[in-house]
Amino acid sequence: MNVVIAGAAETDEVGRLPQHSTLQLHLEAARNALADAGLTKDDVDGIATVGTPGPIQVAHALGMTPAWLDGTGVGGSSFLFHVRHAAAAIRAGLCHTVLITHGESGRSRVGAGRWGMGADSLLGQFELPYGVVGPPTSFTITALRYMKETGLTHEQLAEVAVAQRRWASRNPRAMFRDLITVEDVFASRLVAYPFHLLECCLVTDGGGALIVTSEERARRSPVYLLGSGESAESPIISQMEDFTTSKAFRLSGEAAFAEAKITHDDVDHLMIYDAFAHVPIYGLEDLGFVGRGEAGAFIAEGHTSPGGRLPLNTNGGGLSYTHTGMYGMFAIQESVRQLRGEAAAQVPGVELSVVLGNGGMFASAATLVLANRLP
Amino acid sequence: MKPAPKPTPETQPFWDGTAAGELRIQRCQSCERHYFYPRPSCPHCGSDQVEWVRASGRATLYSYVINHRPAPGFEDAGPYAIAVVELEEGVRMMTNIVGVENVPEKLPLDMELQVVFERRGDVSVPLFEPAGEPR
Ligand SMILES: [Zn+2]
């Protein structure tokens, strides 16, 4: 059975939305995705969502009675997991059409869950005592080791932000659109050496939703799920096996490429979760697009920029487009737009797109291979 | 006040160790490998025949960031390194680097370190300083 993304939409706006509660963001995204799919809530019998408010509340608020629920919450990659799990459920006959929603008041914190971990948690005992202040001071901690072992330079790290801003400058919905240089990156505030502000993701409000179903039930030109993979590594970054490569990136990517039976040459477009500037570098290498230590030069040479041979993070990414806290939904949305030929910074001739999602600090990962035609 | 960890039953021996001025980690009696964080069975081979041992306290600097936006309790510290060190026994842990100015020039990766302990309320946390430097 061919499983497809039959509907995909974001909230009317992303960015700063203090008039929207977290639940509202979910519901607005859900309505937009249903309209996009040409379906109604009565066509939907499965729901997947993460965090506050969770699948029960979202389903109830929409007036849905689901036959299948998934509350997988493994950080910003969760929505890629949801797509994979929904496909499995649909193929198994557990449900027919799944609504996946995301909404997060990451910036305004309206109706949002509380942050924080107990002092007796793993994080509370073995990382928080050392003055960690969230992802900017922990997700980033692998970079110096990577730089020492591969020779990645500070300039090359900054070039990631520069390249993504080139895409964002073509996207009216991106929060930051002014072109920047390496010098601009260096001139921005040091958040956590070696990371400057422009090498760290945004914090925004917003949401998105997807409709996953069988090809037969889709009403509009479908986006096929050709393959997927998921994996996890360590719940705390200090226990990551090797700071220069993500095991979860590698394993989820290998699984997705194998199921889709594709090679790297088949890939027209790529989205890699970019919470910080080093993450696309790891992603390019761990997915096998370039060799070890080559990603920094690859990006700096413009291969991922507009006109390059491997367009990457074409919405501007978490660094320039939007980042609610769980960016994976927006990476999927941009892949769908590119495959439909509807993206703001449309790449000509995109037939196959790969999405790599990250959750936590290299804690979880999932990869999706999406296409607008069957192989 | 800097954040203080709260022990759980399986981590209590670690925190008893730091209170006594010792860095204690676990070692598997089946595959003879060390591991960290504290767990009731070996993550390498699955054996539950594990023991607590005293680590040498010697380590090298694996990676770090220098945080410019201090956490509560760290306001007076200035920009400070949040580091991951690799113990001589082969396991890694997060820590802070003390006894040296926390600037990139003074913190080359792989520099040799040794453990010291800092009291935080009821517990002591392991920190690391350059090895062989005067205190
Ligand atoms: Zn063992």
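By convention here, each chain's residues receive numbers from 1 onward along its written sequence. Labels follow written order: the first chain is A, the first ligand is 1, and so on. Only residues with pLDDT of 70 or above have their local features reported here, since the model is predicted, and side-chain atom pairs are shown and tallied only from 80 upward, although totals for entire chains, interfaces and linings are computed over all residues. Side-chain metrics in this entry use all non-hydrogen atoms of the structure; hydrogen atoms and water are not considered.

Looking at an unreviewed UniProt entry, one finds chain B named Zn-ribbon domain-containing OB-fold protein and attributed to Actinomadura luzonensis.

Per an unreviewed UniProt entry, chain A carries the name Thiolase and comes from Actinomadura luzonensis.

1. Examining the overall build of chain A
Test applied: Only DSSP runs of H or I covering at least 4 residues are called helices, and only runs of E covering at least 2 are called strands; the numbering of each starts at the N terminus. The size measure is the radius of gyration over C-alpha atoms, and the globule rule it meets is 2.2 Å times the number of residues to the 0.38 power. Using a 1.4 Å probe on the protein chains alone, a residue whose accessible area is under 20% of its type maximum counts as buried, one over 50% counts as exposed, and one in between counts as partly exposed. For every accessible area listed, the method is Shrake-Rupley and the probe measures 1.4 Å; residues are considered covered only by the protein chains on display.
Helix and strand counts for chain A come out as 12 helices and 11 strands. Taken against the 2.2 N^0.38 rule, which gives 21 Å for 375 residues, the C-alpha radius of gyration of chain A at 19 Å falls within 12% of a compact globule. Along the first, second and third principal axes, the C-alpha atoms of chain A reach 55 × 50 × 35 Å. The buried share of chain A, reckoned over its 375 residues, is 63%. Of the roughly 12800 Å² that chain A leaves accessible, carbon and sulfur atoms contribute 51%.

2. Remarks on the overall build of chain B
Note the cut-off: Working rule for contacts: check all heavy atoms of both residues, and any pair within 4.5 Å makes them a contact. By the counting scheme adopted, Arg and Lys are positive, Glu and Asp are negative, and His together with the chain ends is not counted. We put the charge of a Lys on NZ, of an Arg on CZ, of an Asp on CG and of a Glu on CD.
What chain B contains, in helices and strands, is one helix and eight strands. Secondary structure elements in chain B, listed N-terminal to C-terminal, are α-β-β-β-β-β-β-β-β. Scaling as 2.2 N^0.38, a compact globule of 135 residues should have a C-alpha radius of gyration of about 14 Å, and chain B matches this with 15 Å. Oriented by its inertia axes, the alpha-carbon framework of chain B measures out at about 45 × 30 × 25 Å. With 135 residues in all, chain B has 44% of them scored as buried. When contacts within chain B are restricted to residue pairs at least 6 apart in sequence, long-range pairs at least 24 apart make up 50% of them. By element, 46% of the accessible surface of chain B is carried by carbon and sulfur atoms, the whole surface being about 6400 Å². Looking at charge distribution, chain B has the averaged site of its 14 positive side-chain charges lying 3 Å from that of its 19 negative ones.

3. Examining the UniProt feature "domain: Thiolase C-terminal" (unreviewed entry) in chain A
We apply this condition: UniProt positions are given in the numbering used here, feature names are shortened, and annotations may be inferred rather than shown by experiment.
As recorded in UniProt, the sites labelled "domain: Thiolase C-terminal" (unreviewed entry) are residues 229-371 of chain A. Summarising residues 229-371 of chain A: 32% helix, 17% strand, and an end-to-end C-alpha distance of 16 Å.

4. A few points about the packing of aromatic side chains
Our working definition: Each Phe, Tyr or Trp ring (for Trp, its six-membered ring) is paired with any other whose centre lies within 6.5 Å, and the angle between the two planes then decides the class: stacked below 30 degrees, edge-to-face above 60, tilted in between.
Applying the stated rule across the entire model yields 16 aromatic pairs over all chains. For the ring pair Phe139 of chain A and Phe362 of chain A, a centre distance of 4.9 Å and an interplane angle of 85° mean the geometry is edge-to-face. One end of the pair, Phe139 of chain A, is in the loop between helix 4 (122-126) and helix 5 (143-150); the other, Phe362 of chain A, is in the loop between strand 10 (352-359) and strand 11 (364-371), with 223 residues separating them in the sequence. With a relative accessible area of 2%, Phe139 of chain A lands in the buried category. Centre to centre, the rings of Phe14 of chain B and Phe36 of chain B are 5.6 Å apart; their planes meet at 50°, and the pair counts as tilted. Linking Phe14 of chain B in helix 1 (residues 12-19) with Phe36 of chain B in the loop between strand 2 (34-35) and strand 3 (50-54), this pair joins segments that are 22 residues apart in sequence. The buried category is assigned to Phe14 of chain B, whose relative accessible area is 1%.

5. What about the interface of chain A and chain B?
How big an interface is tends to be stated in terms of accessible area lost as the parts join. Spelled out, the test is: Simply put, the buried area is the total loss of 1.4 Å probe accessible area from both parts when two parts are fitted together. Every case where a carboxyl oxygen of Asp or Glu lies within 4 Å of a side-chain nitrogen of Lys or Arg is listed as a salt bridge. Under the rule applied, a polar contact is a pair of N or O atoms within 3.5 Å (in protein, one hydrogen donor and one hydrogen acceptor; residues adjacent in sequence only if both atoms are side-chain atoms). Classification convention: Asp, Glu, Lys, Arg as charged; Ala, Val, Leu, Ile, Met, Phe, Trp, Tyr, Cys, Pro as nonpolar; all other residues, Gly among them, as polar. Each pair of strands is called paired provided DSSP finds at least two bridges between the two strands.
With 36 residues of chain A at the interface, the matching set in chain B holds 40 residues. Across the interface of chain A and chain B, roughly 3100 Å² is buried in total on both sides, 62% from carbon and sulfur atoms. At the surface where chain A touches chain B, the tally comes to two salt bridges. Among the salt bridges present, the one from Asp110 of chain B reaches Lys148 of chain A, with a minimum N-O distance of 3.0 Å. Our count for the contact surface shared by chain A and chain B stands at 18 residue pairs in polar contact (both at pLDDT 80 or more). Going through the elements one at a time, helix 4, helix 5 and strand 5 (190-193) of chain A are the ones with two or more residues in the side of chain A that touches chain B. Residue composition of the side of chain A that touches chain B, grouped by class: 22 nonpolar, eight polar and six charged. As judged from the two bridges shared by strand 5 of chain A and strand 4 (residues 58-67) of chain B, these two strands associate in the antiparallel manner.

6. Some points on the coordination of the zinc ion
All names here are of chain B. Just so we agree on the cut-off: Counted as donors are the N, O and S atoms within 2.8 Å of the metal, or 3.2 Å for Na, K and Ca, while water is not among the atoms, so some sites may look incomplete. All geometry calls rest on donor angles, where a four-donor set with angles between 85 and 135 degrees is tetrahedral, four- and six-donor sets with opposite donors more than 155 degrees apart and all others between 65 and 115 are square planar and octahedral, and all else is irregular.
Protein coordination of the zinc ion is provided by Cys28 (SG), Cys31 (SG), Cys42 (SG) and Cys45 (SG), with donor distances spanning 2.3 Å. In this structure, the zinc ion is surrounded by four donor atoms whose angles at the metal cover 103 to 118°, and the resulting shape is tetrahedral. The sequence motif formed by the donor residues of the zinc ion is C-x2-C-x10-C-x2-C. Here the residue Cys28 occupies a position in strand 1 (residues 24-28), and Cys42 occupies one in the loop between strand 2 and strand 3, the gap between them amounting to 14 residues.

7. A closer look at the confidence of the model for chain B
Condition: For every residue, the predictor reports its confidence as pLDDT, a number between 0 and 100.
Summing up the model confidence of chain B, the mean pLDDT is 95 and the portion of residues at 70 or higher is 98%. The complex model carries a pTM of 0.97, and its ipTM stands at 0.96.

8. Notes on helix 6 (residues 154-168) of chain A
Residues and elements named next belong to chain A. Put simply, the test is: Residue count minus one, scaled by 1.5 Å, sets the expected span of a helix.
The end-to-end C-alpha distance of helix 6 is 22 Å, a good match for the 21 Å that 15 residues give at a rise of 1.5 Å each. Taking burial as the measure, the 15 residues of helix 6 include 11 buried ones, the bulk of the element. Those residues of helix 6 that fall on the buried side of the exposure criterion are Leu157, Ala158, Glu159, Val160, Ala161, Val162, Ala163, Gln164, Arg165, Trp167 and Ala168. Packing partners of the buried residues in helix 6 comprise helix 7 (182-187), strand 6 (195-196), helix 9 (278-286), helix 10 (295-300) and helix 11 (317-320).

9. Some thoughts on the packing of helix 1 (residues 22-37) of chain A against helix 2 (residues 55-62) of chain A
Two quantities define a packed helix pair, namely the angle between the helix axes and the distance between the axes. Residue and element names in this part refer to chain A. Spelled out, the test is: Note on method: axes are straight lines fitted to C-alpha atoms, helices fitted across the in-contact stretch only, with angles between N-to-C directions ranging 0 to 180 degrees. Should an angle fall under 35 degrees it is called roughly parallel, over 145 degrees roughly antiparallel, and 65 to 115 degrees roughly perpendicular, with every other angle called oblique. Crossings are assigned a handedness: left-handed for a near helix turned anticlockwise from the far helix by less than a right angle, right-handed for a clockwise turn.
In the contact formed by helix 1 and helix 2, the axes pass within 10 Å of each other and the chain directions differ by 60°. Judged by the inter-axis angle, helix 1 sits oblique to helix 2. Where helix 1 crosses over helix 2, the handedness of that crossing is right-handed. For the pair helix 1 and helix 2, the contacting residues are Leu23, His26, Leu27 and Ala30 in the first and Gln57, Val58, Ala61 and Leu62 in the second. Grouping the constituent residues of the contact of helix 1 with helix 2 by class yields six nonpolar, two polar and no charged.

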